[in-house]
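# Structure assessment
As a plain string of letters, each chain reads:
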Amino acid sequence: MSNQLYGPTEHVAADAGWQGGQPRLGFFTDTSVCIGCKACEVACKEWNEVPEDGLNLLGSSYDNTGALGASTWRHVAFVEQPRQLGSQDSGLAEAAAGTRSDFRWLMESDVCKHCTHAACLDVCPTGSLFRTEFGTVVVQDDICNGCGYCVPACPFGVIDRREGGKAVKNNGLAQKCTLCYDRIGAGMTPACAQACPTQSIQFGDLDELRARAEERQRALHASGVTEARLYLDDPDDGIGGGGAMFLLLDEPEVYGLPPDPVVTTRDLPAMWKRAALAGVALAAGAVAAFLGGRA
Amino acid sequence: MSAPGTSAPGMSAPGRVEDRSRPGGRRRRRSAERQMVPDAQFTSYYGRPVVKASPWTEDIPGYLFLGGLAGGSALLGAGADLTGRPALRRTARLGAAGAITASLGLLVHDLGRPSRFLNMLRVAKPTSPMSVGTWILTAFGPAAGVAAAGELAGLLPRPLRRLVGAVDRPAGLAAAALGPAVAAYTAVLIADTATPSWHEAHRELPFVFAGSAAVAAGGLGMLGAPVGQAGPARRLAVGGALLELAASQRMESSMGIAAEPLHEGRAGTLMKASKALTGLGTLGTLLARRDRRVAAASGIALLAGSACTRFGIFYAGQASARDPKYTVVPQRERLEARRP
């Protein structure tokens, strides 16, 4: 039981007991080249047989998907802002009479972060959620009993319990992105990255992706897009770094991402200590209740 | 409706934390006391939650209450057994076994796949409070059951009666040894999540739950045992109420804005009811040594107070997960504080 709950971890698969030294695989999502086509959403649904989960008009730009969930493993966020993107001229300054002088459209394809320290995996009481040899985090559908504990544990609100009645595949079970465990095991690219027409979603060895992300950030800064920033690239962050990292053009919360996520299990040892103290207090109180009075 | 992220934090005009991207805004003003905390500004994605609220129904707070009642009652039952209080022993043992049986039913019912509940026993994982709790309950349930069988020995066939008569005390003591764990681990269960009002309470919540368990078990003892034998139940209830009150106060002051949901909406009503009922029941214990009816009424008030605490904390957590404010604002403040 030497599993690390927090902090940088060099070999996450080895920490989970894997031998063989597979490189850690993951995603780098470069939102600066996302065009909002949602091919990733569709490819993911098709390949993974993820059921339909509502055909709604949400009134939030072109986002009618809403959020990641049990039956949404890729979600493209759309944010409209009255701001310039870098030094680009939107051409709207004269067109609109004062209501809109500038405009930029942020699009971001969100996905499970496959955390180095994954709260969903830590709290799973059946062992259904496990760390793969690629360092990713996957639900085993035949083990999960739908306790739902992983749902509030995730600091990103990614995983959810699928509800939809008996006719729906894997009804009642926790479901999320598998980073296409079946495809990457056969040396293929995950469906979303394969379908992405602009290479906004890049798949590969995490170390290489991190180097690519840093290079991309430098290039954007040099071309005047100074607001470009990396998210979940740092092994020193609250989840030990993500297996999926992002290049964003605004603060994470603008895209619905937590600005400083911390795996809840970081505090678990402290919590067990406090619970032990509370239990001792209760036992001592009971003893005192019997010794302490006349009646 | 305003567009999300119309400006980066720090650029927008200072304003209340109200989520302006949601029509109708907040339903309730915060109390004057809370307003002294300076309002932070934050951005969200169309006002949508960042973390997900647990998919749990009322089964879970029901379980939190019954688990506390069972754990506390096991302690009372063993004490009553050792000190010769048969009526208190009977109430407490039957209460412990009944409460733990009902809570197991609630836990299985809340699963997405109830038929797979035994999958909980595939692994033992210290990083999963639910796994740890499963094993605690697996040991506690049978012990509490055997102790309760001792009270029903008269109904059993003769050979079984003798066996039960020999093992009910050791079983009751084993249940009592596990009782505090049953009562306190549930605090870790809900605190070990990204749900703001549960996680931010993690330092004091075990003490709130331990106190609340003592209140419930004491209440049940006062309800079921004659006043002459219920002294320990009264003292346990009073001690539990004091612990719960002190720990709650400390908890709320250490939670930051995540304490707000404890005062709003359904959670706020339940937490107020909890204080009133527990207070009333505690006062009642002073008169309960003479009058069985007062004792019974106080016992019911204490039981209800304990249930209100658990339901209140449950709903506060659910509400805190649904409002992005409680996730974004503290994290943003943390980041700003780290910025050189």
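Cut-off values and rules
Residues numbered from 1 in each chain as written. Chains lettered and ligands numbered in written order. Predicted model: local features only at pLDDT ≥ 70, side-chain atom pairs only at ≥ 80, totals over all residues. Helix = DSSP H or I, 4+ residues; strand = E, 2+ residues; numbered from the N terminus. Buried ≥ 20, exposed ≤ 12 C-beta atoms within 10 Å, placed from the backbone. Contact = placed C-beta atoms within 7 Å. Nonpolar A, V, L, I, M, F, W, Y, C, P; charged D, E, K, R; others polar. Domains from an automatic or database assignment. Pairing = 2+ DSSP bridges. Axes fitted to C-alpha atoms, helices over the stretch in contact; angles between N-to-C directions. Parallel < 35°, antiparallel > 145°, perpendicular 65-115°, else oblique. Left-handed = near helix turned anticlockwise from the far one by under 90°. Expected span 1.5 Å × (residues − 1). pLDDT = per-residue confidence, 0-100.

### A word on the overall build of chain B
Across its full length, chain B holds eleven helices and zero strands. Counting all 340 residues of chain B, 60% fall into the buried class. For chain B, contacts bridging at least 24 residues in sequence account for 77% of all contacts bridging at least 6.

### Description of the interface of chain B and chain A
Each partner contributes residues to the interface: chain B has 77 residues there, and chain A has 63 residues. Among the elements of the structure, α2 (59-82), α4 (129-151), α5 (158-191), α7 (205-224), α8 (231-254) and α11 (325-338) of chain B are those that each provide at least two residues to the side of chain B that touches chain A. In terms of residue count, the dominant contributor to the side of chain B that touches chain A is α5(B) (eight residues). When its residues are assigned to classes, the side of chain B that touches chain A shows 42 nonpolar, 23 polar and twelve charged.

### A few points about the domain arrangement of chain A
Assigned domains of chain A: these are domain 1 (12-262) and domain 2 (265-295). For domain 1 of chain A versus domain 2 of chain A, the separation of C-alpha centres amounts to 43 Å.

### Side note on the pairing of strand β1 (residues 25-30) of chain A
All names here are of chain A. For β1, a buried count of six out of six residues is recorded, marking the element as mostly surrounded by other parts of the structure. Along β1, one buried face is formed by L25, F27 and T29 and the opposite face, lined by G26, F28 and D30, is buried too. Pairing of β1 with strand β8 (residues 201-205) involves five bridges; the strand directions are antiparallel. Along β8, the bridge assignment pairs F28 with Q202. Judged from the four bridges that link them, β1 and strand β10 (residues 244-248) form a sheet pairing that is parallel. Counterpart to T29 in the pairing with β10 is F246.

### Observations concerning the sheet that holds strand β9 (residues 229-231) of chain A
Residues and elements named next belong to chain A. Read from one edge of the open sheet, four strands run β8-β1-β10-β9, paired in mixed fashion. The open sheet has two edge strands with one neighbour each: β8 and β9. Neighbouring strand axes in the sheet, compared pairwise and without regard to direction, differ in orientation by 20° on average. This element, helix α7 (residues 206-222), spans β1, β8, β9 and β10 of the sheet and lies at about 135° to β8.

### A word on unusual backbone geometry
Residue and element names in this part refer to chain A. Located in the positive-phi region is S61, a residue other than glycine, with phi close to 50°. Mapped onto the elements of the fold, S61 is located in the loop between α2 (39-48) and β2 (74-81). Classification of S61 by C-beta neighbours within 10 Å gives partly exposed; the count is 17. We note that Q199 has phi near 55°; this positive angle belongs to a residue other than glycine.

### Quick notes on the packing of helix α9 (residues 265-287) of chain B against helix α10 (residues 292-322) of chain B
All names here are of chain B. It is the contact of α9 with α10, at a shortest axis distance of 7 Å, that shows an interaxial angle of 155°. What the angle tells us is that α9 and α10 run roughly antiparallel. Here α9 and α10 pass one another in a crossing that is left-handed. For the contact of α9 with α10, the residue count by class is 17 nonpolar, ten polar and one charged.

### A closer look at helix α8 (residues 268-291) of chain A
Its 24 residues place the ends of α8(A) 34 Å apart at the C-alpha level, agreeing with the 34 Å of an ideal helix rising 1.5 Å per residue. A:L268, A:M271, A:R274, A:A275, A:A278, A:G279, A:A281, A:L282, A:A283, A:G285, A:A286 and A:A289 are the residues of α8(A) that are buried. Those residues of α8(A) that are buried are in contact with α2, α5, α7 and α8 of chain B.

### Let's talk about the confidence of the model for chain B
Detailed reading of predicted coordinates is not advised where the pLDDT is low. Residues and elements named next belong to chain B. When pLDDT is averaged across chain B, the result is 90; 88% of the residues are at 70 or more. Counting interchain partners and residues more than four positions distant, the pLDDT-below-50 stretch residues 1-35 has 54 contacts. Complex prediction metrics read pTM 0.92 and ipTM 0.94.

### Focus: the environment of A:K38
Residues and elements named next belong to chain A. Inspection of the secondary structure assignment puts K38 in the loop between β1 and α2. For K38, a count of 21 C-beta atoms within 10 Å corresponds to the buried category. Measuring from C-alpha to C-alpha, the distance between K38 and A77 comes to 9.6 Å, with 39 residues separating the pair along the chain.

### Comments concerning the environment of A:D89
Residues and elements named next belong to chain A. Turning to its location among the elements, D89 is positioned in the loop between β2 and β3 (104-111). Classification of D89 as exposed rests on a count of 9 C-beta atoms within 10 Å. Residues D89 and A167 lie 78 residues apart in sequence; the distance between their C-alpha atoms is 51 Å.

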